[in-house]
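Each chain is listed here by its residues.
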Amino acid sequence: MTEDLLHEACDALYLPSLRRRGFLQAAGGLAVLCAVGPALGQADDPRRAEVGTWLRIDHDGSITVYSGKIECGQNIRTTLAQIVAEELAVDPTSLTLVLGDTDLVPWDAGTFGSQTTPRMMPILRDAAAAARAALLDLAAARWQVPATGLRLAAGQVREVGGPRQIGLGELVAGHQLLRRVGQAPATAPSDWRVAGQPQRKANGRDIVTGQQRYPSDIVRPGLLYGAVLRPPGWGAELTAVDLAPAQALPGVTAVRQGNFVGVAAPDSAAAAAALAALRPHWRPAAAAREAELWATLRPAPAATLQRNNVAAGLAQAAVTAASSYRVAYIAHVPLEPRAAVAEWSDGKLTVWTGTQRPFGVQQELQQAFGLTTAQVRVIQPDVGSGYGGKHTGEAALEAARLAQAAGRPVKVCWTREEEFQWAYARPAGVIDVLSGAAADGRLVAFEQHNHNSGPAGLKPPYAIEAQHTEFHRADSPLRQGSYRGLAGCANFFARESHLDELAHALRLDPLALRLRNTTDGRLRGVLEAAAERFGWAQTPPAGHGYGIACGYEKLSWVATCAEVTVRDGRIVVERLVTAFDCGAVINPDTVRNQIQGMHVQALGGALFEALHFADQQITNRWLSQYRVPRLRDIVPEEIVLLDRRDQPSVGAGETPLMAVAPAIANALFRATGQRLRDLPLRLPQ
Amino acid sequence: MVDGENVVATRLVLHLNGRETACEAAPDRPLLGVLREALQLTGTKYGCGEGQCGACTVLLDGRAVRSCTLTVGEVAGRTLTTIEGLASAEALHPVQQAFLDTEALQCGYCTAGMILATVALLQEHPQPTEAQILEALDSHLCRCGTYHRILRAVRRAAELLGAAR
């Protein structure tokens, strides 16, 4: 068969675009494509229906995978390769993954919400399965044999029980093949050979040798270094500035556009000197006071509202409890601060930047400069982490403005101080919880209100007939935004602390209370696995306490047990045990690495991280002033992965963060009798 | 180079990664900026600018130092090694290999600094105690939280170096 396998719809709609983008070369190849689909987009975004290429096999046998997801340390460059390699029976390290380049990959909303594994992975898996079917068909036609007698192995199609074999490149050469995703079944997790195994990090060697180019490492010919004049506080207005002293310096371009003032110079020291030469005049904004924060976020308690049928439920309760919890603003502190390199060429703007939303930043740039989609290309090199803190394109816009004015490429790298002061924080919040239980521990009413920090993780995972949960927006004095797990940490902390208070009032074991109200088998699974590995049934050593917390969020289930004591007036976490169920595990070493990392990151939010502010500034805006977890803070830990090969694979980079703080708070109560309801947890001095 | 209104660039010679390397820079410029911008050795990272995170660590006469708080003038004429100079043409340094073997990284932005600090530690203490590891690495920040693996990587590196002796 020499006839091309062109799908009509793809042919009619997308071949011109694919040819323009060079996806189909004259020498031939195979491309698998489909619509992005509503699963990946926002309902109101027209680009969700675009068609793009997900996978391509070239005449030289190289396999390239395209995705709008980005690599920020969660290791999707490795795990997505494993899934594709599974279908194509190739070495995962032989694949090239093009991630987060708006000119090359199908549109994507962004890398957040633990969606890469449940949403992107199946698309790439099915694209690879479609490619596999096409390759087998092509070889079958070539050899005039049934495709059922052929298989893929080591980059070849081979005849089962026969002598014939052919490399994938040779097979596709001279053909222009298009296939759609979803035309062939994918391998079931129970049959995985490449996936489901530990697999070394795809670009690990580049990282340990310093060859990996992060966004802040990008260099372009003629590159200048930019710096931006920052106001003395949020909301300040620039009333006057004289650019002349900066512009008089050799090689310096200074720009003012409204409140934006920046400079571009031959190196970063020259840029800093140029900024220092400016004498700006600012009109400060009225300052919000930290002392008024909680009253601002929650003007009046709402938990006593008893919405829905909660009042009726409470009437049947033997024991009721009402309590309020607070979580502080905290900073993401990605080790690589925001960075971008912008270059204008023939009216087209190209920006290399660290962002979790390359297409979002493309849109920001289009709006700022009045450009079309085709005129802006955002390239996201693997970034020095994000944790939800890099959804926006500040540095990209700044670099683009300066590059436009200077007529040369410009790099803008934020300082740590800028990252603390001008990025956004994890929201602070006040969470009110009200509940009632029968004497046997059955929850008969539950109500939870989150003020400001968010609705994620708000709905309890327990079987409670009378329940009401609600998120209340507030006027945050600080710029705030996404953080790993969103409000999951806040809402888990409040709910799971509150349940412990209820268990204490009922004189019930905290694990027994949770199991008493659990009908979800997978929640029961993580609770029992964590408790068993931890040794929950044992009596803690004198002065020590055990705590447990659990929940369901982002399609996965988690339970964490903590052992805590107090030494020298300090909370000491003796050990942590987390059990996690994220369905069929694609790379167990990656999931373990993620959970280990989240144990550490959670300790920061649980025990000491908090942003403070005054006069429209973060007052602890350097690493010497903002404490983050260090090597000395790590605690003995165990991780139990409930590898469910019978369940779809879902994300693993957020939910394990959520149960740590409440487990610690609950253990602290058992150890000391002190119930702390604020994060970070601080013992009264 | 600009210092206020004065241009004070000087020709400096660095013994960098086994080679004599000349550069034009004001002697009071932080070494980190000169490495990354003038010499385009971007494996050395900026993380905080105040010596708190260790991402900018380089080896100066074999000792781990912070290139963000050292000036280029202070290191002229002394022996410098950055992450780019650690592996030989063929083989990784055993400490690099150990970080790969234990996958002691996630985003990898801190890794160069961690590796160089470990090289210096194991030079001084081939079989480091836990306290010695803490002293060497507690001031290195891994925000992804891979510290348990970094400890394993240090011990693995000690084994690999011991076996090579």
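Residues numbered from 1 in each chain as written. Chains lettered and ligands numbered in written order. Predicted model: local features only at pLDDT ≥ 70, side-chain atom pairs only at ≥ 80, totals over all residues. Heavy atoms only, no water.

Regarding the overall build of chain B
The secondary structure content of chain B amounts to 6 helices and 7 strands. In sequence order, the secondary structure elements of chain B are arranged as β-β-β-β-α-β-β-α-β-α-α-α-α. Here chain B has a C-alpha radius of gyration of 16 Å; the compact-globule value for 165 residues is 15 Å, and the two agree. Each principal axis of the C-alpha distribution contributes one length, and for chain B these read about 50 × 30 × 25 Å. Among the 165 residues that make up chain B, the fraction classed as buried is 57%. Intrachain contacts of chain B at a sequence separation of at least 6 include 54% that bridge at least 24 residues. Looking at chain B as shown, the accessible area adds up to about 6,500 Å², and 48% of this sits on carbon and sulfur atoms. Averaging the coordinates of the 14 positive side-chain charges in chain B and doing the same for the 18 negative ones gives two points 6 Å apart. (Helix = DSSP H or I, 4+ residues; strand = E, 2+ residues; numbered from the N terminus. Rg over C-alpha atoms; globule rule 2.2 N^0.38 Å. Buried < 20%, exposed > 50% of the residue type's maximum accessible area, 1.4 Å probe, protein only. Contact = heavy atoms within 4.5 Å. Areas by Shrake-Rupley, 256 points an atom, 1.4 Å probe, with all protein chains shown as cover. Lys, Arg positive; Asp, Glu negative; His and termini not counted. Charge placed at Lys NZ, Arg CZ, Asp CG, Glu CD.)

As for the domain arrangement of chain A
Size of an interface, as often reported, equals the accessible area lost when the parts are brought together. Residues and elements named next belong to chain A. Domain boundaries in chain A define domain 1 (8-208), domain 2 (215-284 + 338-413) and domain 3 (298-330 + 425-679). Summarising the inter-unit geometry, the C-alpha centres of domain 1 and domain 3 are found 39 Å apart. At the interface, 21 residues of domain 1 touch 16 residues of domain 3. For the pair domain 1 and domain 3, the number of links is 0 salt bridges. Our enumeration of links across domain 1 and domain 3 arrives at 9 residue pairs in polar contact (both at pLDDT 80 or more). Mapped onto the side of domain 1 that touches domain 3, the elements with two or more residues apiece are helix H2 (76-88) and helix H3 (116-143). Taken together, the residues of the side of domain 1 that touches domain 3 sort by class into 8 nonpolar, 13 polar and no charged. (Domains from an automatic or database assignment. Salt bridge = Lys/Arg side-chain N within 4 Å of Asp/Glu carboxyl O. Polar contact = N/O pair within 3.5 Å; in protein donor to acceptor, adjacent residues only side chain to side chain. Nonpolar A, V, L, I, M, F, W, Y, C, P; charged D, E, K, R; others polar.)

So, the interface of chain B and chain A
With 52 residues of chain B in contact, the opposing surface of chain A contributes 62 residues. Here chain B and chain A share 7 salt bridges between them. Its salt-bridge partner being Arg29(B), residue Asp267(A) comes within 3.4 Å of it at the nearest N-O pair. Elements with a contribution of two residues or more to the side of chain B that touches chain A: helix H1 (31-38), helix H3 (94-101), helix H4 (111-124), helix H5 (130-137) and helix H6 (147-164) of chain B. With 5 residues, H6(B) is the largest single contributor of residues to the side of chain B that touches chain A.

Here's the deal with the packing of aromatic side chains
All names here are of chain A. Under the defined criterion, the tally for this structure stands at 10 aromatic pairs over all chains. Between Trp344 and Phe369 the ring centres are 5.2 Å apart and the planes differ by 75 degrees, which places this aromatic pair in the edge-to-face class. Of the two residues, Trp344 is situated in strand E15 (residues 339-345) and Phe369 in helix H10 (residues 358-369); the sequence distance between them amounts to 25 residues. For Trp344, a relative accessible area of 23% puts it in the partly exposed group. The class for Phe369 is buried, based on a relative accessible area of 18%. Ring geometry for Phe534 against Tyr546: centres 4.7 Å apart, planes inclined by 80 degrees, an arrangement best described as edge-to-face. On the criterion of sequence distance, the pair formed by Phe534 in helix H15 (residues 521-534) and Tyr546 in strand E22 (residues 545-553) is long-range, its members being 12 residues apart. Tyr546 matches Phe534 in its accessibility class, with the two residues each being buried. One aromatic cluster in this structure is built from Phe534, Trp536 and Tyr546. Above the ring of Phe260, the side-chain terminus of Arg401 is found at 5.0 Å from the ring centroid. (Phe/Tyr/Trp six-rings, centres within 6.5 Å; stacked < 30°, edge-to-face > 60°. Lys NZ or Arg CZ within 6 Å of the ring centre and 35° of its normal.)

Quick notes on the pairing of strand E3 (residues 63-67) of chain A
It is a general feature of regular strands that their side chains alternate between the two faces of the sheet. All names here are of chain A. Of all 5 residues in E3, 5 are buried, a share of seventy percent or more. Here E3 shows no split at all, with Ile63, Val65 and Ser67 on one side and Thr64 and Tyr66 on the other all buried. As judged from the 4 bridges shared by E3 and strand E4 (residues 96-99), these two strands associate in the parallel manner. Bridge pairing in E4 links Tyr66 to Val98. In this fold, the crossover linking E3 to E4 by way of H2 has right-handed handedness. (Pairing = 2+ DSSP bridges. Right-handed = clockwise from strand over helix to strand, strands pointing away.)

Thoughts on the domain arrangement of chain B
All names here are of chain B. As far as domains go, chain B holds domain 1 (2-85) and domain 2 (94-164). On a C-alpha basis, the centres of domain 1 and domain 2 stand 23 Å from each other. Contacts between domain 1 and domain 2 engage 17 residues on the former and 12 residues on the latter. At the boundary of domain 1 with domain 2, total buried surface from both sides reaches about 1,100 Å², with 61% on carbon and sulfur atoms. Here domain 1 is connected to domain 2 by 4 residue pairs in polar contact (both at pLDDT 80 or more). Broken down by secondary-structure element, the contributors of at least two residues to the side of domain 1 that touches domain 2 are strand E5 (57-60) and strand E6 (63-66). When grouped by side-chain class, the residues that make up the side of domain 1 that touches domain 2 number 7 nonpolar, 7 polar and 3 charged. (Buried area = accessible area lost by both parts, 1.4 Å probe.)

Describing unusual backbone geometry
All names here are of chain A. Of note, the amide linkage connecting Leu679 to Pro680 takes the cis form, showing an omega dihedral of 0 degrees. Within the secondary structure, Pro680 sits in the segment after strand E28 (678-679). Of note, Tyr387 is a non-glycine position whose phi angle comes to about 55 degrees, a positive value. For Tyr387, a relative accessible area of 8% corresponds to the buried category. Of note in this structure, Leu486 is not a glycine but carries a positive phi near 50 degrees. Locating Leu486 in the fold gives a position in the loop between strand E21 (467-472) and helix H13 (488-506).

Here we look at the pattern of salt bridges
Residues and elements named next belong to chain A. Tallied over the entire structure, the rule returns 51 salt bridges over all chains. Its salt-bridge partner being Lys69, residue Asp108 comes within 3.1 Å of it at the nearest N-O pair. Of this pair, Asp108 sits in the loop between E4 and H3 while Lys69 is found in the loop between E3 and H2, placing the two residues 39 residues apart along the sequence. Here Asp108 falls in the buried class, since its relative accessible area comes to 1%. The exposure class assigned to Lys69 is buried, which follows from its relative accessible area of 1%.

Observations concerning the pairing of E5(B)
Residues and elements named next belong to chain B. Here E5 shows no split at all, with Thr57 and Leu59 on one side and Val58 and Leu60 on the other all buried. Where E5 meets strand E7 (residues 79-81), 2 bridges bridge the pair, whose relative direction is antiparallel. Paired with Leu59 across the two strands is Thr81, which belongs to E7.

A short note on the confidence of the model for chain A
All names here are of chain A. On average, residues of chain A score 92 in pLDDT, and 93% of them reach the 70 mark or higher. The low-confidence segment residues 1-20, where pLDDT is below 50, has 31 contacts with residues more than four positions distant or belonging to other chains. The low-confidence segment residues 35-44 (pLDDT under 50) makes 25 contacts with residues lying over four places distant or belonging to another chain. (pLDDT = per-residue confidence, 0-100.)

Quick notes on the environment of Pro588(A)
Within the secondary structure, Pro588(A) is located in helix H16 (residues 588-607). Setting aside residues up to four positions removed in sequence, Pro588(A) forms contacts with Gly196(A), Gln197(A), Pro198(A) and Leu641(A).

Section: the environment of Ala240(A)
All names here are of chain A. Looking at the secondary structure, you find Ala240 in strand E10 (residues 237-240). Looking at Ala240, the relative accessible area reads 32%, which means it is partly exposed. Note: C-alpha distance between Ala240 and Pro250 (10 residues apart in sequence) is 23 Å. Contact partners of Ala240, with chain neighbours within four places excluded, come to Arg256, Arg279, Pro280 and His281.

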